[in-house]
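# Architecture at a glance
Here is how the chains run, residue by residue.
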Amino acid sequence: DIENQIYQIQPKMSPKLIILVIILSASSIARSFNYDCLGNEIEKYTLPNLDYELDALEPVISKTMLEVHYNKHHAGYVNKLNILMKQLQEAMINRDLSKIVNLLQDIQFNGGSHINHSLYWKNMSPTKLGGGKLPDPSSKFYQHITAQWGNFQTLIQYITSRATGIKGSGWAWLAYQKESKQIVYEETLGQDTISMKGNLIPLLAIDVWEHAYYIDYKNLRPQYLKQIWDIIDWQEVEKRYLEAILQQLFCSKNYLLFQIRIRMKWN
């Protein structure tokens, strides 16, 4: 059985620890299907609350545009995602592999959209609340940008130029690269998430699907990208940057402690 297989792989693990691993794994799998480890249905995915009113991003993004994008497009992805997760749970029970594969593709699309849009809303702020204001020049984030990119204007121009050229629908990203510890520009197509590109932590997401700007800018993506910097919340981007650094330090230190404990235990 599974317990014996795990015990054979790591004979020095106690039976109690093995059972705990099995329980935690079952709990993780169950949660991914919208059920907890006791089989109780957990909360569905929901549309995140905005930190501002629908008209607060004007004139960059009109109330009408934000209302359609948020309450129609994003809400539609969330509703579809919940339906798909329910269908996936049923397909898993019935061991319908063909249906599972098809559902996972749709879950990736709608789930990715939910993840991407949730960050997109957080990355913007009304000008009266700091939208468009650059970080303090003495901050670690500001200094990292200037050291790597020269200045913020150069970075903004680069992102605008590259994002303008994205073919079809997709996303433009600013991300923290774990290995190199650099702030990098990335692009994803459709509703792919930045995590699908490797060990990247998202800092800034810009939606370049036409549904993000068509009411205000028609098909003029360059104009939309030129204006959006007036409402980018750099304080939020900076916060995510600092969290990324702390996360990396925390993981590195914990991994080192884990290795030390393992060596002490087995030696």
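Up top is the structure.
To keep things clear, this report deals only with the structure shown in the data block. None of the values given here were measured: they were computed from a predicted structure. (Residues numbered from 1 in each chain as written. Predicted model: local features only at pLDDT ≥ 70, side-chain atom pairs only at ≥ 80, totals over all residues. Heavy atoms only, no water.)

To continue, consider the environment of glutamate 243. Following the sequence through the fold, glutamate 243 ends up in helix α9 (residues 234-266). Assessed through its relative accessible area of 42%, glutamate 243 is described here as partly exposed. Taking C-alpha positions, glutamate 243 is 9.5 Å from isoleucine 201, a pair spaced 42 residues apart along the chain. (Helix = DSSP H or I, 4+ residues; strand = E, 2+ residues; numbered from the N terminus. Buried < 20%, exposed > 50% of the residue type's maximum accessible area, 1.4 Å probe, protein only.)

This brings us to the pairing of strand β2 (residues 182-189). Look at any regular strand and the pattern is simple: side chains alternate between the two faces of the sheet. Looking at chain direction, strand β1 (residues 170-177) and β2 are connected through 8 bridges and run antiparallel. Within β2, the position partnered with glutamine 177 by the bridge is glutamine 182. As consecutive antiparallel partners, β1 and β2 are separated by 4 residues, and within that stretch lysine 181 has a phi angle of approximately 60°, a positive value. (Pairing = 2+ DSSP bridges.)

With that settled, the discussion passes to helix α6 (residues 152-164). Residue pairs spaced three or four apart in an α-helix point in one direction, given the helix's 3.6 residues per turn. Relative to the 18 Å expected for 13 residues at 1.5 Å per residue, α6 spans 18 Å between its end C-alpha atoms, a close match to the ideal helical length. Where α6 is concerned, the buried positions are Phe152, Leu155, Ile156, Ile159, Thr160 and Ala163. With its buried residues spanning 130° around the axis, α6 presents them on a single face. Capping the start of α6, asparagine 151 holds a side-chain oxygen 3.1 Å from the backbone nitrogen of glutamine 153, two or three residues further along. (Expected span 1.5 Å × (residues − 1). Arc of directions from axis to C-beta. Polar contact = N/O pair within 3.5 Å; in protein donor to acceptor, adjacent residues only side chain to side chain.)

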